[in-house]
Amino acid sequence: MLIENSHLDTDFVVRILHLEDSLADHKLVVLTLRRAGMACTFAQVDTLEAFGFQLASGAFDIVLADYRLPGFTALDAWAYVAQKPPHPPFILLSGAIGDAAAVDSIRLGIADYLLKDNLQRLPHVVARALEVHEARQAREQASAELKASQRRLAELTEHLQTSIE
């Protein structure tokens, strides 16, 4: 496992769990995000066991995952992540994933995918995934607060009705 820090002028540090078996590809991701001015910390793992351990032991804002790794795919990792909500956004990075596989992955709940030959878009994809995730969490919180408020209003209405009777 490789842990790196990218110290840049920003208040928010994005904690990234990177599932990647190529050290060169990992370094390219780090460099791409660093050049974009994104403050990040990285934990890079290359086995499903190490991935599960890191996910369970640390708080990550986003997961970047190569599609094909020795003995498993990113979909195996996603299956692990998806069963433990709330989970961070999960982005596929692949050298060669077909459109059908990419669309199927999105349907499963994976936030996005990006081809490795288009890595200059990674900062935008990461930022967008984080924004969507934050908006989804805010919407879920607002919905929970609305339900609690409606429940309190129903209780108050019932109490008032009982008092009137």
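As the structure is a computational prediction, the values presented were derived from the model and not from experiment. One numbering rule holds for all chains: residues counted from 1, following each sequence as written. Restriction of local features to residues with pLDDT of at least 70 applies here, the model being predicted, together with a cutoff of 80 or more for giving and counting side-chain atom pairs; totals for whole chains, interfaces and linings are based on all residues. To obtain the side-chain values, all non-hydrogen atoms of the structure were included, while hydrogens and water were left out.

### A few points about the nonpolar core
The nonpolar side chains of a soluble globular protein tend to be buried, and buried together.
Inference 1: Counting residues in hydrophobic clusters, the biggest one holds 21 residues, and the most contacted among them are L17, L19, F51, F90 and L92.
Inference 2: Helix and strand definitions follow DSSP, with helices as H or I runs of at least four residues and strands as E runs of at least two, each counted in order from the N terminus. Of all the elements in the fold, those that place two or more residues in this core are β2 (14-19), β3 (40-45), α2 (48-57), β4 (62-66), α3 (74-82) and β7 (90-94).
Inference 3: Here a residue-residue contact requires only that any non-hydrogen atoms of the pair lie within 4.5 Å. With sequence-adjacent residues up to four places away left out, L92 is seen in contact with A65, Y67, A74, I97, S105, I110, D112, Y113 and L114.
Inference 4: If you look at the next biggest cluster of nonpolar residues, it comprises 19 residues, including V14, V30, F42 and I62. For our purposes a nonpolar core is just a set of buried Ala, Val, Leu, Ile, Met, Phe, Trp, Tyr and Cys residues, chained together by side-chain atoms within 4.5 Å. In this scheme, a residue with accessible area under 20% of its type's maximum is buried, one over 50% is exposed, and one in between is partly exposed, where area comes from a 1.4 Å probe on protein chains only.

### Some remarks on the packing of α2 against α3
Inference 1: Axis lines are fitted to C-alpha atoms, over the contacting stretch for helices. Their N-to-C directions set the angle, which ranges from 0 to 180 degrees. Between α2 and α3, whose axes approach to 11 Å, the crossing angle comes to 25°. One element, α2, and the other, α3, form an angle in the roughly parallel class. The chirality of how α2 crosses α3 is right-handed. Contact with α2, carried on its side by L48, F51, G52, L55 and A56, involves D76, A77, Y80 and V81 of α3 and no other residues of that element. The cut-offs work like this: below 35 degrees is roughly parallel, past 145 is roughly antiparallel, 65 to 115 is roughly perpendicular, and the gaps in between are oblique. The hand of a helix crossing depends on one turn: near helix anticlockwise from the far one by less than a right angle means left-handed, and clockwise means right-handed.

### Thoughts on the pattern of salt bridges
Inference 1: The term salt bridge refers to a pairing of a side-chain nitrogen on Lys or Arg with a carboxyl oxygen on Asp or Glu at a separation within 4 Å. Tallied over the entire structure, the rule returns six salt bridges.
Inference 2: A salt bridge links D61 to R15, with the nearest nitrogen and oxygen atoms 2.7 Å apart. Of this pair, D61 sits in the loop between α2 and β4 while R15 sits in strand β2, placing them 46 residues apart in sequence.
Inference 3: With a relative accessible area of 34%, R15 lands in the partly exposed category.
Inference 4: As a salt-bridge pair, R128 and D112 come within 2.7 Å of each other at their nearest N and O atoms. Placement of the pair is R128 in helix α5 (residues 122-164) and D112 in strand β8 (residues 112-115), with a sequence separation of 16 residues.
Inference 5: You can call R128 partly exposed: its relative accessible area is 40%.
Inference 6: For D112, a relative accessible area of 13% gives the class buried.

### Considerations on the confidence of the model for the protein
Keep in mind that low pLDDT regions are not for reading the predicted coordinates in detail.
Inference 1: Confidence in the prediction of the protein, expressed as mean pLDDT, is 83, and 93% of residues score 70 or more.
Inference 2: β4 holds the highest mean pLDDT among the elements of the protein, 93, whereas strand β1 (residues 2-6) holds the lowest, 49.
Inference 3: Values of pLDDT, ranging from 0 to 100, describe the predictor's confidence in every residue of the model. Between residues 5-10, whose pLDDT stays under 50, and residues either more than four places distant or in other chains, the model counts twelve contacts.

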